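Geometric and topological summary
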Amino acid sequence: MRISLRLIISLIVGVTVVALLFAHSDLKTEKLALRTETENRAALIADSLAASVELLIQSRSYRSLQILVDQFGHRERLAGVVVYNAWDRVIAATPGLASLREHCPGIVGQAVSQKHGVGQFFRFGQAPMYVFAVPLETEGKPTGALAVFHNLSFIDAQSALLWRTTFIQVLVQMLFIALATLLIIRWSLLRPMAKMAQWIRELRAGKPVEPSMLAAATLFRPLTQEVSNLAKSLKSARAAAEEEARLRAAGQSIWTPERLRIHVHTTLQERPLFVVSNREPYMHVHGGKGIEVMIPASGLVTALEPILRACDGTWVAHGAGDADAERVDSRGCLRVPPQEPQYTLRRVWLSKEEEEGYYYGFANEGLWPLCHIAHARPTFRASDWEYYQQANRRFADAVLEEMAGAEEPFVLVQDYHFALLPQLLKYRRPDARVAIFWHIPWPNPQAFGICPWQRNLLDGLLGADLVGFHIQAHCNYFLETIDSALEACVDWEHFTVNRHGHRTRVRPFPISVAISEPTSEPRSKSTSVYLERAALFKNLGVEATFMGLGVDRVDYTKGILERFRGIERFLEKYPSYQGQFTFVQIGAPSRTHIRRYNDLLAEVESEADRINWRFRKGNWRPIVFLKRHHTHHEIDDYYRAADLCLVTSLHDGMNLVAKEFVAARDDGEGALVLSRFTGASGELRDAIIVNPYDMEQLSEGIRFALEMGPDERIARMRRMREVVREGNIYRWAADLIKELAEIRLEPSLAVQGWQAGRWGAAEPSLRQG
């Protein structure tokens, strides 16, 4: 209440002062206007009367002269007229004005001597007056003067009226301001504050209340955002605690974000952590409403953010957003996440030429097809190799700059873009624990031997203390490649490599996704799933009963063309499904800078059109190709509504789409048709495993998924969900950190191996081993 009173008084005082200042200014302007009007009017009257008065004086008709001046005695604002002779004596005057002569003795003489009209303001008793005198002449000789008198009391009356009006206006304004201020305080301050207090009380009580009623309070929007973030943190912490308690009660050891956070905090023991990846977790772009924050779709962010949040780490990544440079400091750093900063993002800048050569060239036209057995020929150009080395050096410089002063840092390098980075870091910081996780397959030694710089790449990777792959088979291929290409000691019993005195562990870490428990009873298949599917079909303009789903980047390793041909064979063999089964392919365009990918996109569209042309009936078509990027939320709707998910990769390190589909099916429904050439096929054994090159087997897999009995379908999905749940993304991150922390560093051997002459003067990544 005190705040309200102070606010009201302050507003009233301010408005009153402003109103009075404006009233005073208006009054001055009004007075000046009225005086000017009176002066002009007096001059007009005097000039119009002068000729008549001169004739009457010349003819000595003083009686007629008196009658004339008497006519001006009862006019508005005009006091009257006085006529003087040459000796300054009154010869005719409006009754009551003869005595004014003593009050303006000089005005007549001035008019006569100056031979033109003269005006003067004066007071007659309490009355303000104005007199205007003009000289009178007969045959060029002065004969006297004519004076016109105006009573200016009306100006004072007008001023008083203006002040009274202003006072009334100020009074009304004060009442209105007081009422409006009370209403504003009540509706814009007190009410939102009361709601916020009530919301916080309910939040403390554990009630799941959303802060939506606070969002409209523009004044409190910044506070609302902060309180909402706090609420989310509290909600997440409570959910994590409840989940931990439930798991402990059930005797289970499922990894959660909170458990990972505690594990990382305990394992690192205050030692700093650095993550290096090509893709950044947060991207700034120019949008319609200014600079917007985008979160690129990536399971890597899900896995690594809890680690970085736990230890206030640093993520080093390529700044690819068109507004990224506008949101960083002089070192290229900013704190993220935007709403709740808990770790540092260091952005590395690359020129268009560097990005073209390093990323699109060597990484994606060279290493990507080299490591995937998908019958695409790798392209190796010396210029791309130079850019690849240059980019790795640039990232190494950024990481080393961030690590300056840190003791025994941990570094997690991600993927095939940075094969040279581990050795570049170890060469300068032997005390750092460096791990690299290779997210794509590792080919057999003969295939990898195609690369002209295989020894450089292998030496770069062996700079790490830990090299991780998805599955054991890739670890085996890697060791076989080392054994055939380099002079190194490969320990097959412990899966380690000793190269120039430095020991590198090689381990499988099957990556996964986050999976949440159902928040309610399983949905009824006869209602919710059918309704969701019908709504999606309606939005697509398709009439169908069964939905198949594919979610991929448009990449030649994903087997999309083989998938479409398998669907075509399925419809040929089982025509009863024509008009009933529609396959929705969500295909995000990828790496369109590369001609092979543009050609593939055209092939996929052409194949879908061909099959649709062959089978289309009315509002039904067999394939719907959605060629754009979709959000996680949009894809999740399709995951939950599909009868089956088709994953037909020709070669894939893991394939997270398969696990995402399983994680989304908390209703226990749905079937997964999975390529045998994915890493996920070794874990999800209850999927329908197929050879994507075998059209007959693929078509039979689709039929079996659609006609499988409900009990078997639910049992298979339950077992697959348990596999994903136990080996979720948080366990992947925990195992990686644990393995790296267990490594005992031998910096003296590393220094001897790299710096005591074996590499010469140059950095290790620039010379053959």
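Look up: the structure comes first, before these words.
First, a word on scope: everything that follows refers to the structure included in this document. Worth saying up front: this structure is predicted, and the values here are computed from it rather than measured.

This paragraph deals with the pairing of strand S18 (residues 546-553). Of all 8 residues in S18, 6 are buried, a share of seventy percent or more. As judged from the 8 bridges shared by S18 and strand S19 (residues 581-588), these two strands associate in the parallel manner. The residue of S19 that forms the bridge with aspartate 552 is glycine 587. Read from S18 through helix H15 (residues 560-573) to S19, the crossover connection turns out right-handed. As judged from the 2 bridges shared by S18 and strand S21 (residues 644-647), these two strands associate in the parallel manner.

With that settled, the discussion passes to the pattern of salt bridges. All chains considered together, the criterion is met by 48 salt bridges. Among the salt bridges present, the one from lysine 573 reaches glutamate 700, with a minimum N-O distance of 2.7 Å. Note that lysine 573 is positioned in helix H15 and glutamate 700 in helix H19 (residues 695-707), a separation of 127 residues in sequence. Residue classification places lysine 573 among the partly exposed residues on the basis of a relative accessible area of 26%. Note that glutamate 700 is salt-bridged to arginine 703, the shortest N-O span being 3.0 Å. Here the residue glutamate 700 and the residue arginine 703 both occupy positions in helix H19, the gap between them amounting to 3 residues, near one helical turn. Through salt bridges with shared partners, a single ionic network connects Arg565, Glu568, Arg569, Glu572, Lys573, Glu607, Arg610, Arg614, Glu696, Glu700, Arg703 and Glu707.

This part is about the sheet that holds S21. Picture the strands of a sheet paired through backbone hydrogen bonds; they go either parallel or antiparallel. Across the sheet, which stays open at both edges, the 6 strands sit in the order S20-S19-S18-S21-S22-S23 with parallel pairing between neighbours. Two strands in the sheet have a free side with no partner beyond their single neighbour: strand S20 (623-626) and strand S23 (688-690). Each adjacent strand pair in this sheet contributes to an overall mean axis angle of 20 degrees, direction not counted. Pairing geometry for S19 and S20, over 4 bridges, is parallel. Its bridge partner being in S20, phenylalanine 583 is matched across the sheet by isoleucine 623. Across the sheet, helix H17 (residues 632-641) lies against S18, S19 and S20, angled at about 140 degrees from S18, the strand it touches most.

On the surface, Leu5, Ile9, Val13, Val17 and Leu21 cluster together into a nonpolar patch covering about 460 Å² of accessible area. As for its position among the elements, leucine 21 is in helix H1 (residues 2-58). Relative accessible area serves as the criterion here: at 58%, leucine 21 is assigned to the exposed category.

Right, let's get into the packing of aromatic side chains. Evaluation of the coordinates by the stated rule reveals 30 aromatic pairs. With a centroid separation of 6.5 Å and an interplanar angle of 55 degrees, the aromatic rings of tyrosine 358 and tyrosine 359 are classed as tilted. Take tyrosine 358 and tyrosine 359: they sit in the same class, and that class is buried. Measuring from ring centre to ring centre gives 6.5 Å for phenylalanine 380 and tryptophan 453, while their planes differ by 70 degrees; the resulting arrangement is edge-to-face. Pair noted here: phenylalanine 380 is in the loop between helix H8 (352-371) and helix H9 (382-403) and tryptophan 453 is in the loop between helix H11 (445-448) and helix H12 (454-461), with a separation of 73 residues, a long-range link. Classification of tryptophan 453 as buried rests on a relative accessible area of 16%. Here the aromatic cluster, defined as three or more aromatic residues joined through ring pairs, consists of Tyr358, Tyr359, Tyr360, Phe362, Phe380, Trp385, Tyr388, Phe395, Phe418 and Trp453. Between arginine 35 and the ring centre of phenylalanine 121, over which it is positioned, the NZ or CZ distance is 4.4 Å. Positioned above the aromatic ring of tryptophan 255, the side-chain terminus of arginine 259 is 4.0 Å from the ring centre.

Time to look at H15. In this model, H15 (14 residues) spans 20 Å end to end at C-alpha, consistent with the 20 Å of a helix rising 1.5 Å per residue. Burial runs high along H15: 10 of the 14 residues are buried. Taken residue by residue, H15 has Ile560, Leu561, Glu562, Arg563, Phe564, Gly566, Ile567, Glu568, Phe570 and Leu571 as its buried positions. Here the buried face of H15 lies against S18, S19, helix H16 (595-615), S20, S21 and H19.

So, how was this worked out
Residues numbered from 1 in each chain as written. Predicted model: local features only at pLDDT ≥ 70, side-chain atom pairs only at ≥ 80, totals over all residues. Heavy atoms only, no water. Buried < 20%, exposed > 50% of the residue type's maximum accessible area, 1.4 Å probe, protein only. Helix = DSSP H or I, 4+ residues; strand = E, 2+ residues; numbered from the N terminus. Pairing = 2+ DSSP bridges. Right-handed = clockwise from strand over helix to strand, strands pointing away. Salt bridge = Lys/Arg side-chain N within 4 Å of Asp/Glu carboxyl O. Axes fitted to C-alpha atoms, helices over the stretch in contact; angles between N-to-C directions. Contact = heavy atoms within 4.5 Å. Patch = residues over 30% accessible without salt bridge, like charges linked within 9 Å, V, L, I, M, F, W, Y side chains within 5 Å. Areas by Shrake-Rupley, 256 points an atom, 1.4 Å probe, with all protein chains shown as cover. Phe/Tyr/Trp six-rings, centres within 6.5 Å; stacked < 30°, edge-to-face > 60°. Lys NZ or Arg CZ within 6 Å of the ring centre and 35° of its normal. Expected span 1.5 Å × (residues − 1).

Function cannot be read off these values alone, since they describe shape.
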